[in-house]
Amino acid sequence: MEILSPLRFWKTILTILYVALFPSLSARVQDSHLHKTFSSSDFVTSFRLSTAQIGETTTSPYDSSLGDLQKFYHFPKRKSFPPNFLFGAGTSALQVEGAASQGGRGPGIWDDRINRNKGAFIDGDKFPTMIQHYKRYKEDVQHLKYLGINSYRMSISWSRVLPDGTIKGGVNQEGVDFYNHLIDELLENGITPFVTILHFDYPLAIQKNLHGFLNSSIVNYFKDYCELLFKTYGDRVKHWTTVNEPQIVGLFTYMHGYDNDDPEPCQATKLCKQAYTVVHNYILCHATAVKLYREKFQATQGGEIGLVIGSESFEPYSSKSEDVAAAERLTDFFIGWILDPVVYGDYPKIMRELVGNRLPNFTEDEKKMVAGSTDFIGINYYTSHFAKHETNKTNITLSDNYDALARSEDFNAEGKALGYLDKRGHTFVYSEGLYNILQHIKKEYQNPKIYITENGIPSFNITNPLKDIHRIKYLATHLNYTKAAIDNGVRVGGYFVWAAFDTFEFRAGFSQNWGIIHVDFNNNLKRSPTIAGKWYKRFLNT
Ligand SMILES: *[C@@H]1O[C@H](CO)[C@@H](O)[C@H](O)[C@H]1NC(C)=O
Ligand SMILES: *[C@@H]1O[C@H](CO)[C@@H](O)[C@H](O)[C@H]1NC(C)=O
Ligand SMILES: *[C@@H]1O[C@H](CO)[C@@H](O)[C@H](O)[C@H]1NC(C)=O
Ligand SMILES: *[C@@H]1O[C@H](CO)[C@@H](O)[C@H](O)[C@H]1NC(C)=O
Ligand SMILES: *[C@@H]1O[C@H](CO)[C@@H](O)[C@H](O)[C@H]1NC(C)=O
Ligand SMILES: *[C@@H]1O[C@H](CO)[C@@H](O)[C@H](O)[C@H]1NC(C)=O
């Protein structure tokens, strides 16, 4: 039985819904898991960090899985990673900037969704100001510098530079200048900008006039927007990603209908089509932007360009061949949906078989443009799931793709979890899954360059968000498996913690405290590094 969705974007809201709807079930699942955790042999009742390590002494009464923290602290060493490796942290424009209707920014789709559905969003009232990064960016760069990171993953707000989404509608110079200042400030402080062009949010006018990504003509507007960015910032920005997690948008907004502005009535039949149309147009936007960059800018500017996908490792629910096949299917439907086209020029065969006429075709010219359309692949990794064969689509719920005929599960046929349940982050932590997915991409997609563009765990079940001890083990073990993958020939070029600062996580608002720099809403939005932030700093500086 699932408690958590596989995808961070909606994780909390689905958990809340689930717990609200099925409280007794959830409690049972958690209890049974706890029992296993507590009886495991590596159980320790407490651990201690030395003051020298993090500048604070802390004990945890229950976190068995943390084990001997010193061990985690001492590996892996920064110097064991390649010399030009990017170590960073990330945010996105919408989730931190604020100034929603200041500086000439036009309304975006999320402004509208929240305005129309305030009750469904925790912290909806904080939306217009967020953490005031727009106003306080200089101070924020100093916090990033304090961490010792050499790269910052940020995104540009389309609505801030092109308020109605189009060049014809006018470039907002004040918005353009904001990113000029931010990029310059980063570079002056030794921090390389790693820039996402589209991170979930886009101008409301694009939604209203075109129906957004449902309309293939969005490609032209996206291309114009990209050209403006390459022209304006490409002298200083050398790492671009076109789009972030198109699959998540496809599955959550369009297949499952959360915050869908044009919902299709497919919940009864589960023969949904929009998700495939939207992702198809995302892929065409990506490939068109890459073609433009390669033809007009790359030779002179010397940067690289890729895209970012959500990722998970799917492990068979049992050794039955039907579950082994289910794990392969879920992988193809989640990872292959994007990577097969951008590497080979078309969707996985199994998707053609199972989705049929609802899956759009690429023309021959599009295939040529899409194939090989990425200099690197960015993966966001949080957790993993078991995959269980399921032929009855009615039983496929939460965030799973109806057409994959598989369910993702937290527990396998023997009742075992993947990794351990972190109770402060409500996440099953499975760092081997990151290694598995890196290996999978290496093997299946011609050993491309990869960046881990997001990795992290929330802290929403702790009293003091600064004491996010549980994150140290999370980050250290994921770095450990990143290193193991590099040693095994995977070409990983960088690693970004999600998130640098506390981020507005859509329906979950700020309730999850994702930042390794905490923002205190009760104290003038004061920024303070968390214990995990201090740990990351020490890791980076030794
Ligand atoms: C698609 O976008 C174009 C503008 O580029 C518009 O004329 C057309 O009506 C849109 N189609 C739909 C179905 O919204
Ligand atoms: C895609 O092409 C195949 C083979 O030509 C065709 O059978 C199918 O109907 C097409 N699908 C769509 C959505 O146009
Ligand atoms: C699928 O599952 C639903 C809910 O459990 C059930 O009502 C329905 O009869 C099942 N359909 C088939 C074809 O087994
Ligand atoms: C799944 O569907 C089958 C019918 O195909 C039904 O018997 C079963 O109870 C369903 N399981 C769940 C977990 O809904
Ligand atoms: C939150 O953490 C406490 C321990 O600090 C634990 O007892 C409780 O079960 C957790 N709650 C949830 C919902 O995981
Ligand atoms: C670190 O990675 C190695 C593989 O290189 C693995 O054997 C080991 O179990 C990992 N340690 C932890 C604590 O995850």
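Residues numbered from 1 in each chain as written. Chains lettered and ligands numbered in written order. Predicted model: local features only at pLDDT ≥ 70, side-chain atom pairs only at ≥ 80, totals over all residues. Heavy atoms only, no water.

By the naming in an unreviewed UniProt entry, the protein chain is Beta-glucosidase, taken from Phaseolus coccineus. For the record of the protein chain, the UniProt heading Sequence similarities (unreviewed entry) holds the text "Belongs to the glycosyl hydrolase 1 family." (UniProt positions renumbered as here; feature names shortened; annotations may be inferred.)

Asks: Before we go on, may I ask you to explain the overall build of the protein chain in this structure?
Replies: In terms of regular secondary structure, the protein chain is built from 19 helices and 15 strands. Here the protein chain holds 542 residues, and the buried ones make up 63% of them. Partitioning the intrachain contacts of the protein chain with sequence separation of at least 6 by distance along the chain shows that 76% fall at a separation of at least 24. Of the roughly 19400 Å² of accessible surface on the protein chain, 51% is carried by carbon and sulfur atoms. (Helix = DSSP H or I, 4+ residues; strand = E, 2+ residues; numbered from the N terminus. Buried < 20%, exposed > 50% of the residue type's maximum accessible area, 1.4 Å probe, protein only. Contact = heavy atoms within 4.5 Å. Areas by Shrake-Rupley, 256 points an atom, 1.4 Å probe, with all protein chains shown as cover.)

Asks: I keep staring at empty space enclosed by the protein and nothing clicks. Help me out?
Replies: Where empty space is left can be seen by rolling a probe of water-molecule size over the atoms. Summed over all chains, the structure comprises six cavities of 30 Å³ or more. Empty space within the largest cavity amounts to approximately 130 Å³. Lining the largest cavity are 16 residues, with Ala 93, Leu 94, Arg 105, Ser 157 and Asp 201 positioned closest to its centre. Looking at the lining of the largest cavity, the elements with two or more residues in it are helix H5 (93–96) and helix H8 (158–161). Here the lining of the largest cavity takes three residues from H8, the largest share from any one element. Considered class by class, the residues forming the lining of the largest cavity number seven nonpolar, five polar and four charged. (1 Å grid on protein atoms, 1.4 Å probe; cavity = no way out; pocket = protein on both sides within 12 Å on 5 of 7 lines; lining within 4 Å. Points joined across faces, edges and corners; volume = space filled by probe spheres on them. Nonpolar A, V, L, I, M, F, W, Y, C, P; charged D, E, K, R; others polar.)

Asks: In this structure, what is going on with the state of the cysteines? I would like to understand it.
Replies: In protein chemistry, a disulfide is the covalent bond that joins the sulfur atoms of two cysteines. In total, this model carries one disulfide according to the counting rule given. Here Cys 226 is not disulfide-linked; the sulfur of Cys 285 is the nearest cysteine sulfur, at 7.8 Å. Residue classification places Cys 285 among the buried positions, given a relative accessible area of 0%. (Disulfide = S-S within 2.5 Å.)

Asks: Any chance you could explain the sheet that holds strand S8 (residues 385–389) here in plain terms?
Replies: Taken together, the three strands give an open sheet; going across it, the order is S6-S8-S9, and neighbouring strands pair in mixed fashion. Single-partner strands in this sheet number two, and they are strand S6 (314–316) and strand S9 (406–409). Taken over all neighbouring pairs, the strand axes of this sheet differ in orientation by 40 degrees on average, direction set aside. Across four bridges, S8 lies against S9 in antiparallel orientation. When the sheet's bridge partners are listed, Lys 388 is paired in S9 with Arg 407. Against the sheet, helix H14 (residues 321–344) touches S6, S8 and S9, its axis set at about 115 degrees to S8. (Pairing = 2+ DSSP bridges. Axes fitted to C-alpha atoms, helices over the stretch in contact; angles between N-to-C directions.)

Asks: Just to check I follow, could you spell out unusual backbone geometry for this structure?
Replies: The phi torsion of most residues other than glycine is negative, and most of the peptide bonds are trans. A cis amide bond links Trp 498 with the next residue in sequence, Ala 499, at an omega value of 10 degrees. Positionally, Ala 499 belongs in the loop between strand S13 (491–498) and strand S14 (517–520). Residues other than glycine seldom take positive phi values, yet Gln 132 does so here, at roughly 55 degrees. Take Gln 132: it is sitting in the loop between helix H6 (109–116) and helix H7 (133–147). Backbone geometry places Asp 259, a non-glycine residue, at a positive phi of 55 degrees. Counting through the fold element by element, Asp 259 comes out in the loop between helix H12 (246–255) and helix H13 (274–301).

Asks: Any chance you could explain the pattern of salt bridges here in plain terms?
Replies: Between side chains of opposite charge, a pair can form when the charged atoms approach closely. Enumeration according to the criterion identifies 28 salt bridges in this entry. Ionic pairing is found between Arg 113 and Asp 261, a salt bridge with its closest N-O pair at 3.1 Å. Placement of Arg 113 in helix H6 and of Asp 261 in the loop between H12 and H13 is noted, with a sequence separation of 148 residues between them. One salt bridge connects Lys 367 with Glu 364, and the closest N-O pair in it is separated by 3.6 Å. Of this pair, Lys 367 and Glu 364 both sit in helix H16 (residues 364–370), three residues apart, which is roughly one turn of the helix. (Salt bridge = Lys/Arg side-chain N within 4 Å of Asp/Glu carboxyl O.)

Asks: Mind showing me how you'd approach the pairing of strand S2 (residues 151–155) here?
Replies: Two faces, one strand: in a regular strand the side chains alternate between the faces of the sheet. The element S2 is extensively covered by neighbouring structure, given that five of its five residues are classed as buried. Burial along S2 is two-sided: the face carrying Ser 151, Arg 153 and Ser 155 and the face carrying Tyr 152 and Met 154 are both buried. Here strand S1 (residues 86–90) runs beside S2; their pairing, made up of three bridges, is parallel. Bridge pairing links Ala 89 to Tyr 152 in S2. Of the pairings in the sheet, the one linking S2 to strand S3 (residues 192–198) comprises five bridges and is parallel in character. What sits directly across from Ser 155, in S3, is Thr 196.

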